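Chain by chain, the residues:
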Amino acid sequence: MEEKIFSSQKYFIFKLPDMLNNSFHIFEEKRLESLQLVLQMCLDTYIEMNSTAIGMDKLEKSYKGLLDSLAFQLKRHPFYKLDEYKRDFNRICWLIDSQKKEGKTEYELFMSLKTLQKKLQGQNISCQYVKCLQKGMAYNESDLLIEAFVSDLLYQGYSLYYLYEWYSEHIRDAYLYTAIENKCLDEYIKRLEELDGEKHKYEIIIPYGIKSKSQKEIAEQLLKKHFTIKTKEDFSEFTEEWKWTEDRYASKVYEAADYYKAIAMAKKEFATDKELFSMWQNVSDVIHENVQVGYIVQDRLYRVDIRKVDYTRLINYFDEARADQLNSFIELKDNMKNEDVDVLERVLHTLHTAKSYNIQNRYLNFWSALEYAIYPFPKNSIIEKARVLVSESFTLFYIKNKMNIFWHRLNYTIDKKGKEEHLQCKEFIDYCKEDNGFNTLKMVQFLQNKELYEKVLEDISFHVILEREMKELIMLVTEPTKLKKAISEYHDSIIHDLDCIYRLRNQLIHSAKSMDDSLEHISLRLYRYVNSIVATILYYKKRNPMASIIEILNSLHNTYEVYIEQLGLIEREKKSKVISAEDGYRMVRPHYLFLE
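Criteria and cut-off values
- Residues numbered from 1 in each chain as written.
- Predicted model: local features only at pLDDT ≥ 70, side-chain atom pairs only at ≥ 80, totals over all residues.
- Heavy atoms only, no water.
- Pairing = 2+ DSSP bridges.
- Helix = DSSP H or I, 4+ residues; strand = E, 2+ residues; numbered from the N terminus.
- Salt bridge = Lys/Arg side-chain N within 4 Å of Asp/Glu carboxyl O.
- Buried < 20%, exposed > 50% of the residue type's maximum accessible area, 1.4 Å probe, protein only.
- 1 Å grid on protein atoms, 1.4 Å probe; cavity = no way out; pocket = protein on both sides within 12 Å on 5 of 7 lines; lining within 4 Å.
- Points joined across faces, edges and corners; volume = space filled by probe spheres on them.
- Nonpolar A, V, L, I, M, F, W, Y, C, P; charged D, E, K, R; others polar.
- Expected span 1.5 Å × (residues − 1).
- Axes fitted to C-alpha atoms, helices over the stretch in contact; angles between N-to-C directions.
- Left-handed = near helix turned anticlockwise from the far one by under 90°.
- Contact = heavy atoms within 4.5 Å.
- Phe/Tyr/Trp six-rings, centres within 6.5 Å; stacked < 30°, edge-to-face > 60°.
- Lys NZ or Arg CZ within 6 Å of the ring centre and 35° of its normal.
- Patch = residues over 30% accessible without salt bridge, like charges linked within 9 Å, V, L, I, M, F, W, Y side chains within 5 Å.
- Areas by Shrake-Rupley, 256 points an atom, 1.4 Å probe, with all protein chains shown as cover.
- Lys, Arg positive; Asp, Glu negative; His and termini not counted.
- Charge placed at Lys NZ, Arg CZ, Asp CG, Glu CD.

Asks: Would you explain the pairing of strand β6 (residues 300–305) in this entry?
Replies: If a strand is regular, its side chains alternate between the two faces of the sheet. Here strand β5 (residues 292–297) runs beside β6; their pairing, made up of 6 bridges, is antiparallel. Counted as the bridge partner of G294 is R303 from β6. Here β5 folds back onto β6, and the loop between the two strands holds 2 residues, one of which, Q298, carries a positive phi near 50°.

Asks: How should the pattern of salt bridges be read in this particular structure?
Replies: Once their charged atoms are close, side chains differing in charge can pair, the charge on each being opposite to the other. Taken as a whole and assessed by the stated rule, the structure comprises 41 salt bridges. Its salt-bridge partner being E84, residue K131 comes within 2.8 Å of it at the nearest N-O pair. Highlighted residues: K131 in helix α6 (residues 125–133) and E84 in helix α4 (residues 83–101), separated in sequence by 47 residues. Take K131: its relative accessible area is 35%, and that puts it in the partly exposed class.

Asks: For this particular structure, what's the right way to read empty space enclosed by the protein?
Replies: It is the rolling of a water-molecule-sized probe over the atoms that shows where space remains empty. Scanning the entire structure with this criterion turns up 3 cavities of 30 Å³ or more. A volume near 120 Å³ is recorded for the largest cavity. Along its surface, the largest cavity is lined by R31, L32, E33, V38, S69, F72, Q73, R76, S493, H496, D497 and C500. The set of elements that each furnish at least two residues to the lining of the largest cavity consists of α3 (56–76) and α22 (480–510). Here the residues of the lining of the largest cavity are counted per class, giving 4 nonpolar, 4 polar and 4 charged. There is about 70 Å³ of room inside the second largest cavity.

Asks: Mind showing me how you'd approach helix α24 (residues 549–574) here?
Replies: Since the α-helix turns once every 3.6 residues, residues separated by three or four places project in the same direction. Compared with an ideal rise of 1.5 Å per residue, which puts 26 residues at 38 Å, α24 spans 37 Å between its outermost C-alpha atoms and is within 8% of the ideal. Taken as a whole, α24 has its buried residues at I549, I552, L553, S555, L556, H557, T559, Y560, Y563, L567, G568 and I570.

Asks: Mind showing me how you'd approach the layout of surface pockets here?
Replies: As a volume, the largest pocket reaches approximately 1700 Å³. Surrounding the largest pocket, 43 residues form its lining, F397, N401, N404, N531 and A535 being those nearest its centre. Taken together, the elements giving at least two residues each to the lining of the largest pocket come down to α13 (317–332), α16 (382–396), α17 (398–417), β8 (437–438), α19 (440–447), α23 (516–543) and α25 (581–588). Top contributing element to the lining of the largest pocket by residue count: α23, with 10 residues. Taken together, the residues that form the lining of the largest pocket break down as 20 nonpolar, 14 polar and 9 charged.

Asks: Got a minute to help me understand the packing of α17 against helix α21 (residues 464–478) in this structure?
Replies: For any two helices packed against each other, one specifies the inter-axial angle together with the distance between the axes. Closest axis-to-axis distance for the α17/α21 pair is 10 Å, and the angle between their directions is 150°. Seen from above, α17 lies across α21 with left-handed handedness. Facing Y398, I399, K402, M403, I405, F406, R409, L410 and T413 of α17, the residues of α21 in contact are I465, L466, E469, M470, E472, L473, L476 and V477. Looking at the contact of α17 with α21 residue by residue, the classes come out as 12 nonpolar, 1 polar and 4 charged.

Asks: Got a minute to help me understand the environment of P207 in this structure?
Replies: With respect to the helices and strands, the residue P207 is situated in strand β1 (residues 200–210). Separated by 86 residues in sequence, P207 and V293 have C-alpha atoms that sit 6.6 Å apart. Each residue touching P207, except ones within four places of it in the same chain, is listed here: W244, E246, R248, Y249, H288, E289, N290, Q292 and V293.

Asks: Where do I start with the packing of aromatic side chains in this structure?
Replies: The description of an aromatic ring pair rests on the distance of the ring centres and on the angle between the ring planes. Applying the stated rule across the entire model yields 38 aromatic pairs. Each ring, one from F366 and one from Y527, has its centre 5.5 Å from the other, and the planes form 55°; the classification is tilted. Pair noted here: F366 is in helix α15 (residues 359–374) and Y527 is in helix α23, with a separation of 161 residues, a long-range link. Comparing F366 with Y527, the two get one shared label, buried. With centroids separated by 5.2 Å and ring planes inclined at 80°, the aromatic side chains of F394 and Y529 adopt a geometry described as edge-to-face. With a gap of 135 residues between them, F394 in helix α16 and Y529 in helix α23 connect regions that are remote in the sequence. Residue class for F394 comes out buried when judged on its relative accessible area of 8%. Through pairs of rings, three or more aromatic residues link up here, namely Y158, Y161, Y162, Y202, Y259, Y260, Y295 and Y302. The ring of W244 carries R303 above its face, with NZ or CZ at 4.6 Å from the centroid.

Asks: I'm lost on a negative patch on the surface in this one. Help?
Replies: Together, E237, E240, E241 and D299 give the surface a local cluster of negative charge. With respect to the element layout, E237 can be found in the loop between β2 (228–230) and β3 (248–256). For E237, a relative accessible area of 54% translates into the label exposed.

Asks: Just to check I follow, could you spell out the environment of L556 for this structure?
Replies: Position of L556 relative to the elements: it lies in helix α24. Exposure remark for L556: the relative accessible area of 0% places this residue in the buried category. Residues L556 and L595, 39 residues apart in the sequence, show an inter-C-alpha distance of 9.5 Å. Excluding anything up to four places from it in sequence, L556 contacts L389, E392, S393, L396, I533, T536 and Y592.

What follows is the structure, given as structure tokens:
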């Protein structure tokens, strides 16, 4: 048992930075949202549902969808392992199920959700995750714990960049590998309790200038509504650290979990004032701030690049993906039907302009782009279309995506360490390599051959993440029963995620409630959903320009249904024979019906 606890703690420590850095888009794949956020969404929707007479049917459907999402999450949440939560979670799942069957527990359920939320709020949530990590956990349970842990820290008000800095300083220190050699990571796991969500005061300093002398007084009158306007002389105690040359400095004290979050709060407030001034005076770019801002804490001044608090840095790959999509669209445009051209132009334009918007508009734009792309599909509502097409698109790519991550991580690691030191890995890479990637069929064949893959597993045993990823891939292409269960959970997690995304979208449109903190990272997943649909449409348009969008979407849906049927057939046949490489290949890369 102690060995299992150590292994799961080691895996957690080395896997966590993938999430904090969005390595291999791991952060965008995070679907286990903060339990407190999901509870709050359920409570808000219940209150709205019982205080309005208009649109009740839609709100009731939304509420039921959120409750299903909550039940799904409670059954998978790491806290389910803890005695102080297990009975609570079981009872709420029972109340949700009873409400669906009988509809008699509505208010009792509401009160239970409200009380559970207060129970969570009254504890240091990080301590609860430490308790979970002190128990033995399977790799997939550790993955869920990482998702839930990061989601809760973000919900408490921490910034992603600060969390990575904290991890580098407090976890990935000079003594970590000694602790691993001694197989004792308890001290490192206990350090997580320091992330207690406590708010601290930070004075943020934004150096700025005003281009127009005639508008300087009016601009500063507006800025003074939210900031104290200071000069260099007001910071005379920091003469040595002072590097700015601006005449004016907007200053304000914020309470936040970390200084990056305080800077983000100041950045947003300053940007709002700038935008308001531009609209008021019918001008643009009159007020301009320095990208280097300052913060004062405990009588010390620090300088930070304001761009570090910009979440869009996580989606810089948008530019490359968007360029590829636009190139494909331009090549195919002349051979498309007019209605398909209109749809794709609207979608690509919406994605192209997204990074320039504030988070609320970016979120709404991503959803609009998804609506444009899937609108032709014959379902009653847009959320039903999204639940079908997005979940099925991602599920069909489930194993291939894991292969891509493993392949890139393996090549990066072996190139860094030297192929001459890991000959078995080199042979595996050379065998599977094809052009700029890998041959899927060859990788499947290799992963189905125990004599071959055991040598590679031994060779990568120094790297707990690679070892886990390879073992998972072996399982997925050799054990159809486990594959079926894995993709069923993955498919359902996307459906429940879309229900929450859609509810947030409706709250954003119909309510003045601020949701910036949650929208920032959820919008990254929403973009992934849009991009998956658009990439599928353009890929098959390229192969057959005559195929319409509705035909491609219909193919996607039918392919998924046949794929699930074939998995069941392979599962039954597995009892009497070994899975063939061809069957394994089709589990990874199914043919799209009517198109291939």
